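As a plain string of letters, each chain reads:
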Amino acid sequence: MRFVSTRGQSPATGIADALQAGLAPDGGLYVPEHIPQVSLQFAPDQSLADTACHVLRPYVANSALAGRLAGLCAQAFSFPAPLRALSSPADHLLELFHGPTAAFKDYAARFLAGALEALRPPGTPEDTVLVATSGDTGAAVAAAFDGRPGFRVVIVYPDGRVSPRQAHGLECWGDNVEALRVDGTFDDCQRMVKHVLADAELRRRCRLTSANSISLGRLLPQIAYHAHAALAFTHAHATPLNLIVPTGNLGNACAAWLARAMGAPLGEIVLATNANPMLSRFFAGEPPRPQATIATLANAMDVGVPSNFERLRHWHGDDTSLRQAMRAIAATDADIRAVIAAAPERHGITPCPHTACGLHALHRLREDGDHRPWAVAATAHPAKFDSIVTPLVGRDVPLPPALADCLARPRRYAQLAADDSALRTLLLDTAILPGR
Ligand SMILES: *Cc1c(COP(=O)(O)O)cnc(C)c1O
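Keep in mind the model is a prediction, meaning the values are calculated, not measured. (Residues numbered from 1 in each chain as written. Predicted model: local features only at pLDDT ≥ 70, side-chain atom pairs only at ≥ 80, totals over all residues. Heavy atoms only, no water.)

## Comments concerning the pattern of salt bridges
The condition that has to hold: Salt bridge criterion: a side-chain nitrogen from Lys or Arg within 4 Å of a carboxyl oxygen from Asp or Glu. Whether a residue is buried, partly exposed or exposed follows from its accessible area with a 1.4 Å probe, protein chains only, as a fraction of its type maximum: under 20%, in between, or over 50%, in that order.
Going through the model one piece at a time under the given rule, you end up with 22 salt bridges. Across the pair Asp319 and Arg313 runs a salt bridge, and its minimum N-O distance is 2.9 Å. Taking the relative accessible area as the measure of exposure, Arg313 reaches 34% and is therefore partly exposed. Here the salt bridges do not stand alone but share partners, grouping Asp91, Glu268, Arg327, Arg366, Asp370 and Arg372 into one network.

Pasting the structure below:
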């Protein structure tokens, strides 16, 4: 399989180069040259890792990863993604939060880390993985690379603007993970990381790579759980599963779309957004216009310009076709609060604020008389956002074991000015420490 750029000005390349490059040289995003069709059959003993191996095989065919795929999938998909029926029989939750940092990003971050490790020639100097994060991405990437030889992870995040538990989840890892609290906003963090990554000389000296949401290694693995859930559901109910995906950068939604395009029995895909309006405005017929980021209760979806939008447009050819293929339903912070408060009674669960955006979309569909079976992707565990959720439901949310583990470990972090040159200096200093 070869990968081409959405902007059409870069040479086609294999998965290994596309993973290591992140962005294509022309500034576009890598997409597979064609979308492979796989024959998906339900088998009662088929694990999530088996499905992952099956759907990812065409993408790594004839590459250095082909022979390692089964091992990579076994490692990355070692925890389940159960499809749970809610109180009404047609409502379901696809629980993607059973990993080490209790968010769906664990799956792809672990796959990417394993793939980059497998692609490192022996004796290569240390690579530095740089991430700006508003919470979940940084933790998933840190956990995925924690203790992995040959990699240093540098996480940059806005001091005081991530939830206390999210902060702990960024600061509780081993010596190869450096957590940097920036005196500034998430936009400052993103600017600093972008600036540093654009410096070719620094990139080379520190062997910098990024693990941001446009990487194919973050996108493709997410096909697996959508396909797996759809197969099991259709086997049991003889009808396709419709899916609501809480959306920020559109990575998880693009993966669901790919799963369906490859042949998984998925019906409609609805994007659930928060108050950041670009997608709901686009699907209402407005031209896509970049928007300043709005801070909401669903902070991992606080995105002004979804980075994977370019992929969706590429696959659909023109905006009219894209608008026919999908829709977006937005939730305000008031909607999110109301959904969380009502969910224990209405659905028999407690959702995180992101999952609540998905449930809000489900409520709207039901109000419009939609009786089809729907699953909402539950993107994070509610205990991660206890400071929002606990007051609304009036009781503590029990911690999942992985999160309890992480909160029990000591924190390590450094403070950094919101300044590009401060990050640059830090990267250069620590890059030459002996023994690193
Ligand atoms: C990242 C994230 C999202 C948004 O996912 P995208 O792939 O960026 O659209 C939703 N919910 C949670 C909990 C997240 O961490």
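Here the narrative resumes, following the displayed structure.
## A look at the site of the ligand
The cut-off we apply is this: Note on terminology: near, applied to a residue and a molecule or strand, indicates that one of the residue's heavy atoms is within 4 Å of it. Polar contact is defined as a pair of N or O atoms within 3.5 Å, subject to the rule that within protein one atom must be able to donate a hydrogen and the other to accept it, and that residues adjacent in sequence are counted only when both atoms are side-chain atoms. Areas reported as accessible are Shrake-Rupley estimates using a 1.4 Å probe. Residue values count occlusion only from the protein chains shown. Nonpolar residues are Ala, Val, Leu, Ile, Met, Phe, Trp, Tyr, Cys and Pro. Charged residues are Asp, Glu, Lys and Arg, and all others, Gly as well, are polar.
Around the ligand sit 15 residues in total, of which Lys105, Asp136, Gly248, Asn249 and Thr379 are the nearest. Gly248 is positioned such that a nitrogen or oxygen atom in its backbone is 2.8 Å from an oxygen atom of the ligand. At a separation of 2.8 Å, a nitrogen atom of the ligand approaches a polar side-chain atom of Thr379. Relative to its unbound accessible area of 380 Å², the ligand is 96% covered by the protein chains. Along the lines of polarity and charge, the residues of the shell around the ligand split into six nonpolar, seven polar and two charged.

## Looking at the packing of aromatic side chains
We count it as follows: Each Phe, Tyr or Trp ring (for Trp, its six-membered ring) is paired with any other whose centre lies within 6.5 Å, and the angle between the two planes then decides the class: stacked below 30 degrees, edge-to-face above 60, tilted in between. Counting from the N terminus, the helices are DSSP H or I runs at least four residues long and the strands are E runs at least two residues long. Whether a charge sits over a ring comes down to the Lys NZ or Arg CZ being within 6 Å of the ring centre and within 35 degrees of the ring normal.
All told, the structure shown has eight aromatic pairs when counted by the stated rule. Here the aromatic rings of Trp257 and Trp315 are separated by 4.8 Å at their centres, their planes lie at 15 degrees, and the arrangement is stacked. With Trp257 in helix H11 (residues 251-262) and Trp315 in helix H13 (residues 309-316), this pair connects stretches of sequence that are 58 residues apart. Residues Trp257 and Trp315 agree in their burial class; the two are buried. Taking the centre distance of 5.0 Å and the plane angle of 85 degrees together, the rings of Phe282 and Phe283 count as edge-to-face. Of the two residues, Phe282 and Phe283, both sit in the buried class. Aromatic ring contacts, followed pair by pair, group Phe77, Phe79, Tyr107 and Tyr225 into a single cluster. A cation over an aromatic ring shows up here: Arg120 above the ring of Phe151, its NZ or CZ 5.4 Å from the ring centre. Note that Arg181 overlies the ring of Tyr413, its terminal NZ or CZ placed 3.5 Å from the centroid.

## Thoughts on the sheet that holds strand E13 (residues 414-417)
In plain terms, the rule: At least two DSSP bridges between two strands are needed for those strands to be called paired. For helices, the fitted axis covers only the stretch in contact; all axes are lines through C-alpha atoms, and the angles between them, taken along N-to-C directions, range from 0 to 180 degrees.
The strand order across the open sheet built from five strands is E8-E5-E6-E7-E13, with neighbouring strands paired in parallel fashion. A strand with exactly one partner marks an edge of an open sheet, and here the two such strands are strand E8 (208-210) and E13. Within this sheet the neighbouring strands show an average axis-to-axis angle of 30 degrees, counted without direction. Of the strand pairs in this sheet, strand E6 (residues 151-158) and strand E7 (residues 177-183) are connected by six bridges, and their pairing is parallel. Paired with Val153 across the two strands is Val177, which belongs to E7.

## Section: the layout of surface pockets
We count it as follows: Using a grid of 1 Å spacing that covers the protein atoms alone, one calls a set of points a cavity when a 1.4 Å probe fits there but cannot get out, and a pocket when the set is open and has protein on both sides within 12 Å along at least five of seven lines; lining residues are those with an atom within 4 Å of a point. Grid points are joined across faces, edges and corners, and a volume is the space filled by probe spheres set on the points.
Each pocket or cavity is described by its volume, and for the second largest pocket that value is around 290 Å³. In terms of lining, the second largest pocket is formed by Ser134, Pro158, Arg161, Thr185, Phe186, Asp187, Thr293, Ile294, Ala295, Thr296, Asn299 and Asp302. Grouping the amino acids of the lining of the second largest pocket by side-chain chemistry returns four nonpolar, five polar and three charged.

## Quick notes on the sheet that holds strand E10 (residues 266-273)
Definition in use: Residue contacts are counted whenever heavy atoms from the two residues lie within 4.5 Å of one another.
Reading across the sheet, the six strands line up as E3-E4-E12-E9-E10-E11 and stay open at both edges, with mixed pairing between neighbours. The open sheet has two free edges, formed respectively by strand E3 (83-85) and strand E11 (327-330), since each of these has just one partner strand. Neighbour to neighbour, the strand axes of the sheet diverge by 30 degrees on average, direction disregarded. Examined bridge by bridge, E10 and E11 share four bridges and lie parallel to one another. Residue Leu271 lies in a different strand from E11, and its bridge partner there is Ala328. In the packing of H11 onto the sheet, contacts are made with strand E9 (241-246), E10 and strand E12 (374-378), and the angle to E10 comes to roughly 170 degrees. Of the strands in this sheet, strand E4 (91-95), E9, E10, E11 and E12 touch helix H16 (residues 353-367), which is tilted by about 165 degrees from E12.

## So, helix H2 (residues 48-60)
In plain terms, the rule: The length a helix should cover is 1.5 Å for every residue beyond the first. What we call the bend at a residue is the angle made by axes fitted to the seven residues finishing there and the seven residues starting there.
Over its 13 residues, H2 runs 18 Å from end to end, which matches the ideal 18 Å to within 8%, given 1.5 Å per residue. At His54, H2 is deflected by roughly 30 degrees, the largest bend along its length, and proline Pro58 occurs up to four residues later in sequence. Every buried residue of H2 is listed here: Leu48, Ala49, Thr51, Ala52, Cys53, Val55, Leu56, Tyr59 and Val60.

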